[in-house]
Amino acid sequence: MIHSSAKIHPTALVEEGAIIGEDVVIGPFSIVEGTVEIKARTVLKSHVVVRGDTVIGEDNEIYQFATIGEVNQDLKYKGEATKTIVGNANKIREHVTIHRGTIQGGGVTRIGNNNLLMINVHVAHDCQIKNNCILANNATLAGHVELDDFVIVGGMSAIHQFVVVGAHVMLGGGSMVSQDVPPYVMAQGNHARPFGVNLEGLKRRGFDKPTMHAIRNVYKMIYRSGKTLEEVIPEIEQIAQTDSAISFFTDFFKRSTRGIIR
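Just so we're clear, the structure is a prediction, and the values are computed from it rather than from any experiment.

Cut-off values and rules
Residues numbered from 1 in each chain as written. Predicted model: local features only at pLDDT ≥ 70, side-chain atom pairs only at ≥ 80, totals over all residues. Heavy atoms only, no water. Pairing = 2+ DSSP bridges. Helix = DSSP H or I, 4+ residues; strand = E, 2+ residues; numbered from the N terminus. Domains from an automatic or database assignment. Contact = heavy atoms within 4.5 Å. Buried area = accessible area lost by both parts, 1.4 Å probe. Nonpolar A, V, L, I, M, F, W, Y, C, P; charged D, E, K, R; others polar. Phe/Tyr/Trp six-rings, centres within 6.5 Å; stacked < 30°, edge-to-face > 60°. Buried < 20%, exposed > 50% of the residue type's maximum accessible area, 1.4 Å probe, protein only.

**Details of the pairing of strand β28 (residues 192-197)**
Here four bridges tie strand β27 (residues 185-189) to β28, and the two strands are oriented antiparallel to one another. Opposite Gln188, over in β28, you have Arg193 as the bridge partner. Connecting β27 to the next strand, β28, in antiparallel fashion are two residues.

Encoded structure:
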């Protein structure tokens, strides 16, 4: 079903059965193939490929030569029915690749809202990217990676399978991330190491001084107290009961399986 207000270039190929919403623009030489739904006001500039069981939300801008919902690169994948879901108001720049999920990984690769994926970003199968993230040029996410809200991944960085990156993290360019990164941390290097709290990012997002002070104290508990995580986590949970910003830490540790960067 194609909405009457949608604009589809004569050279674009849209497979029968695709759902194209109000005021969607599909530019020259783009291909929409499979059980695809593209919602209102999303723009495919040109030469964009969307395949498989893929849902793309409203108000997205997808630039030339991007590919969304293509078969993943997991050798275990045998064509099972899996999905790709993209939220609203994302900017997906040239040559970005976002691959569909796998049965083993939950079946869905998911992008949230208001994210910027710069040129040549790769999002592998079963990744979960939340909202307001920025992935700079050539950032690469292996399968099953989780990025929480407001994560910035510097250019030429790579993140290992199953890594969890907490909210408001800043990863410097060229980082190789093989373990989980707690919320609010600045990290960089090969392998990535912590370099303090992302205070500048928190200021830009309106965090007040008492909250930033509390976050910095938790950072010191994790990295400078000399205690093990098993000793520190109950103390952090107690602080989180009265400070909602610290709850990001407790949620993170519940999901962390690879150990944290040191």
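**A few points about the sheet that holds strand β20 (residues 140-141)**
Pairing within the open sheet is parallel, and its nine strands lie in the order β2-β5-β8-β11-β14-β17-β20-β23-β26. Lying at the two open borders of the sheet, with one neighbouring strand each, are β2 (13-14) and β26 (176-177). Two strands pair when backbone bridges link them, and β2 and strand β5 (residues 31-33) are joined in this way by two bridges, in the parallel orientation. Pairing of Leu13 across the sheet is with Ile31, part of β5.

**Let's talk about the domain arrangement of the protein**
Split into domains, the protein comes out as domain 1 (7-197) and domain 2 (202-254). Each of domain 1 and domain 2 has a C-alpha centre, and these two points are 29 Å apart. Listed as interface residues are 16 residues of domain 1 and, on the opposing side, 11 residues of domain 2. Taking both sides of the interface into account, the surface hidden between domain 1 and domain 2 amounts to around 1300 Å²; carbon and sulfur atoms contribute 75%. It is β28 that contributes the most residues to the side of domain 1 that touches domain 2, four residues altogether. Here the side of domain 1 that touches domain 2 is composed, by residue class, of 12 nonpolar, three polar and one charged.

**Quick look at the packing of aromatic side chains**
Geometrically, a pair of aromatic rings is defined through the distance of the ring centres and the angle of the planes. Inspection of every chain in the model, using the stated rule, returns five aromatic pairs. Centre to centre, the rings of Tyr184 and Phe249 are 5.5 Å apart; their planes meet at 50°, and the pair counts as tilted. Pair noted here: Tyr184 is in the loop between β26 and β27 and Phe249 is in helix α4 (residues 247-255), with a separation of 65 residues, a long-range link. The burial state of Tyr184 is the same as that of Phe249; both residues are buried. Geometrically, the ring pair formed by Tyr219 and Tyr223 is tilted, given 4.9 Å between the ring centres and 45° between the ring planes. A residue pair is termed a helical-turn pair when its members lie 3 or 4 positions apart in one helix, as Tyr219 and Tyr223 do in helix α2 (residues 209-223) at four residues. A relative accessible area of 19% means that Tyr223 is categorised as buried.

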